[in-house]
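Fold and contact review
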Amino acid sequence: MGCFRCNGASVLEEDTDNTFEKANDQARAEKAKSSPRGSTKVLDVRNEDVSESKRLNSETDGLDSSGTSIDGKTSGTHAQTFTFDELAAATGNFRSDCFIGEGGFGKVYKGHLEKINQVVAIKQLDRNGLQGTKEFIVEVAMLSLVDHPNLVKLIGFCAERDQRLLVYEYMPLGSLDKHLHDLPPNKKGLDWNMRMRIAAGAARGLEYLHDKLKPPIIYRDLKCSNILLGEDYHPKLSDFGLAKVGPSGDKTHVSTRVMGTYGYCAPDYAMTGQLTFKSDIYSFGVALLELITGRKAFDPSKGPKEQNLVAWARPLFRDRKKFSLMADPMLGGGYPLRGLYQALAIAAMCVQEQPNMRPAIADVVTALSYLASQKYEPSIHNIHTSSKNRSPSNIMTKSSEDKSTGHRRLMRDEEVGGS
Ligand SMILES: Nc1ncnc2c1ncn2[C@@H]1O[C@H](COP(=O)(O)OP(=O)(O)OP(=O)(O)O)[C@@H](O)[C@H]1O
Ligand SMILES: [Mg+2]
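Residues numbered from 1 in each chain as written. Chains lettered and ligands numbered in written order. Predicted model: local features only at pLDDT ≥ 70, side-chain atom pairs only at ≥ 80, totals over all residues.

What follows deals with the overall build of the chain. Tallying secondary structure elements over the chain gives 14 helices and 14 strands in all. When burial is assessed residue by residue, the chain has 45% of its 419 residues classed as buried. Looking at the chain alone, contacts between residues at least 24 apart form 68% of all its contacts between residues at least 6 apart. (Helix = DSSP H or I, 4+ residues; strand = E, 2+ residues; numbered from the N terminus. Buried ≥ 20, exposed ≤ 12 C-beta atoms within 10 Å, placed from the backbone. Contact = placed C-beta atoms within 7 Å.)

Turning our attention to the pairing of strand β8 (residues 165-169). Among the 5 residues in β8, 4 count as buried, and that is most of the element. Pairing geometry for strand β6 (residues 118-125) and β8, over 5 bridges, is antiparallel. Along β8, the bridge assignment pairs valine 120 with glutamate 169. In the sheet, strand β7 (residues 154-158) pairs with β8 via 4 bridges, with the strands oriented antiparallel. When the bridges of β8 are listed, glycine 156 appears paired with valine 167. Two successive antiparallel strands, β7 and β8, enclose a turn made up of 6 residues, where arginine 161 displays a positive phi of approximately 45°. (Pairing = 2+ DSSP bridges.)

Let us now look at the site of ligand 1. As a matter of local geometry, ligand 1 sits amid 21 residues, with Gly101, Gly103, Gly104, Ala121 and Met171 nearest to it. At the level of secondary structure, the elements contributing two or more residues to the shell around ligand 1 comprise β4 (99-102) and β6. Here the shell around ligand 1 gets 3 residues from one element, more than from any other, and that element is β4. The residue inventory of the shell around ligand 1, partitioned by class, reads 9 nonpolar, 9 polar and 3 charged. Per-domain counts for the shell around ligand 1 show at least three residues from each of domain 1 (6-170) and domain 2 (176-416). (Near = placed C-beta within 6 Å. Nonpolar A, V, L, I, M, F, W, Y, C, P; charged D, E, K, R; others polar. Domains from an automatic or database assignment.)

As a further point, take unusual backbone geometry. The step from lysine 214 to proline 215 runs through a cis peptide bond, and the omega angle for that step is -5°. Assignment of secondary structure puts proline 215 in the loop between α6 (192-212) and β9 (217-218). A positive phi angle is found at asparagine 117, which is not glycine, with a value near 50°. Within the secondary structure, asparagine 117 is located in the loop between β5 (106-113) and β6. A residue is classified by how many C-beta atoms lie within 10 Å of it, and asparagine 117, with 7 of them, is exposed. Positive phi, close to 45°, is recorded for arginine 161, a residue that is not glycine.

Let's shift gears to the sheet that holds β6. Pairing within the open sheet is mixed, and its 6 strands lie in the order β3-β7-β8-β6-β5-β4. The two strands at the open ends of the sheet, each matched to only one other strand, are β3 (80-81) and β4.

In the contact formed by helix α11 (residues 337-350) and helix α12 (residues 361-373), the axes pass within 10 Å of each other and the chain directions differ by 165°. By the criterion of interaxial angle, the relationship of α11 to α12 is roughly antiparallel. Crossing hand, α11 versus α12: left-handed. Facing α11, whose interface residues are Gly339, Gln342, Ala343, Ile346 and Cys350, α12 presents Val364, Ala367, Leu368 and Leu371. Along the lines of polarity and charge, the residues of the contact of α11 with α12 split into 7 nonpolar, 2 polar and no charged. (Axes fitted to C-alpha atoms, helices over the stretch in contact; angles between N-to-C directions. Parallel < 35°, antiparallel > 145°, perpendicular 65-115°, else oblique. Left-handed = near helix turned anticlockwise from the far one by under 90°.)

So, about the nonpolar core. Ranked by size, the top nonpolar core spans 98 residues in total, and within it Leu288, Leu344 and Leu368 carry the most contacts. For this core, the element with the highest residue contribution is α11, accounting for 11 residues. The residue makeup of this core includes at least three contributed by each of domain 1 (6-170) and domain 2 (176-416). (Core = buried A, V, L, I, M, F, W, Y, C linked by C-beta atoms within 7 Å.)

The next subject is helix α9 (residues 309-317). Within the span of α9, buried status applies to Leu309, Val310, Ala313 and Phe317. Down the axis, α9 shows its buried residues gathered within 80° of arc, on one side only. Each element contacted by the buried residues of α9 is listed here: α8 (277-293), α10 (323-326) and α11. (Arc of directions from axis to C-beta.)

A separate point is α11. Every α-helix winds through 3.6 residues per turn, so residues three or four apart in the chain are directed the same way. Between its terminal C-alpha atoms α11 stretches 20 Å, which fits the 20 Å expected from 14 residues at 1.5 Å a residue. Here α11 lies mainly inside the structure; 13 of its 14 residues are buried. (Expected span 1.5 Å × (residues − 1).)

We now examine the pairing of β6. Most of β6 sits inside the fold, with 6 of its 8 residues counted as buried. Here β5 folds back onto β6 in antiparallel fashion, the turn holding 4 residues, of which asparagine 117 has a positive phi close to 50°.

It is worth spelling out the packing of α8 against α9 at this point. At a minimum axis distance of 11 Å, the contact between α8 and α9 shows a crossing angle of 75°. In terms of their interaxial angle, α8 and α9 are classed as roughly perpendicular. Across from Val286, Leu289 and Glu290 in α8, the residues of α9 making contact are Leu309, Val310 and Ala313. Residues belonging to the contact of α8 with α9 are distributed by class as follows: 5 nonpolar, no polar and 1 charged.

Glancing now at the confidence of the model for the chain. Mean pLDDT for the chain: 75, with 65% of residues reaching 70 or above. Here residues 1-75 scores under 50 on pLDDT; set against residues more than four positions off or in separate chains, the count is 95 contacts. This model gives residues 387-419 a pLDDT under 50, and the stretch forms 32 contacts once residues within four places in sequence are excluded. (pLDDT = per-residue confidence, 0-100.)

The structure is reproduced here in structure tokens:
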């Protein structure tokens, strides 16, 4: 597969090629069924160099999204304006028991808006100067234009005096990171099928930004805390405050100040400040790795070699025998071995050092949709245990059980290399 090359990892290529072939067949069949891409949106977002200063000068005057059009028709989410008093009332004056969480730009509260009779999430941006205002303007402009089942809906905003608030649809299950890391002892972790569904959904959200919007958008802040979960763990990407209109014409990148989150930032972008669609692919790969391994993108509580997830994973990618050691222990061995290989193969390709070696998002969507469609049934398939805590008799049993599922080869590899 041309765009899914992977340096020196024949193991990955073997499984991945298989995955992509099957997935491509499925995708072709689905494409034939679906209607032509008449729904492609045309965004009225100008090149950022020009627009940023204009936006800043005009502050919130230009935030009305009603001028956005697809083929001349008004489109996109129509962001409503709310008064500060309405939002204060919705949250009991930003009461602490309505507080959901806090990020780099401010606090998030859950509230009920009488005016529209809807439960919402309200982000109150810190009032500390230009940066917040700029993020606010970009986010409102971007979010009010995009419309996809895997992107969080912006319901409205408040820009009264120096107050800046964003009103989003409320995502009842919160952010993905809370389901992967530091779980309280009584909380059940996500199972394998759910993880693959979340990964595929998040990839579809990114595909919309990269491939369906005109002009396309580089997201720039893909991470597990920005993948929010709705009913039945339906994933949506949130926070477009850092998004950029993609390069136009012959250009391959947009030059920016380096922004993003440690552990997720592509090395090429961090070093050069040149933002490309492949910067997002790297971040996506990190989030996928978190889903598979349960580890954090960056974890200062770990030893120096394990703090950065990609640095920890890279040497393991080269050794098929180590793959099952990478699976999140919270899965309790409940994953399909082939599916684990394939998911790791996709992640490995996304986090390659060379940006041009990383796949396009459309290929990632195809591969992950295929993986998500392959349901893992613990009652039918085997529960895997790491070779560390498996007795030889246990391994023998599993090897023979696995004959029909194609898992046997790895079991034998594990025995050979068992640590
Ligand atoms: N629409 C929403 N519905 C439900 N919970 C939300 C919503 N938006 C945000 N949250 C919660 O609030 C927390 C803080 O979100 P916020 O976006 O401010 O910070 P972050 O994503 O952790 O970091 P960053 O500021 O870099 O994006 C999230 O982790 C999430 O749990
Ligand atoms: Mg966020």
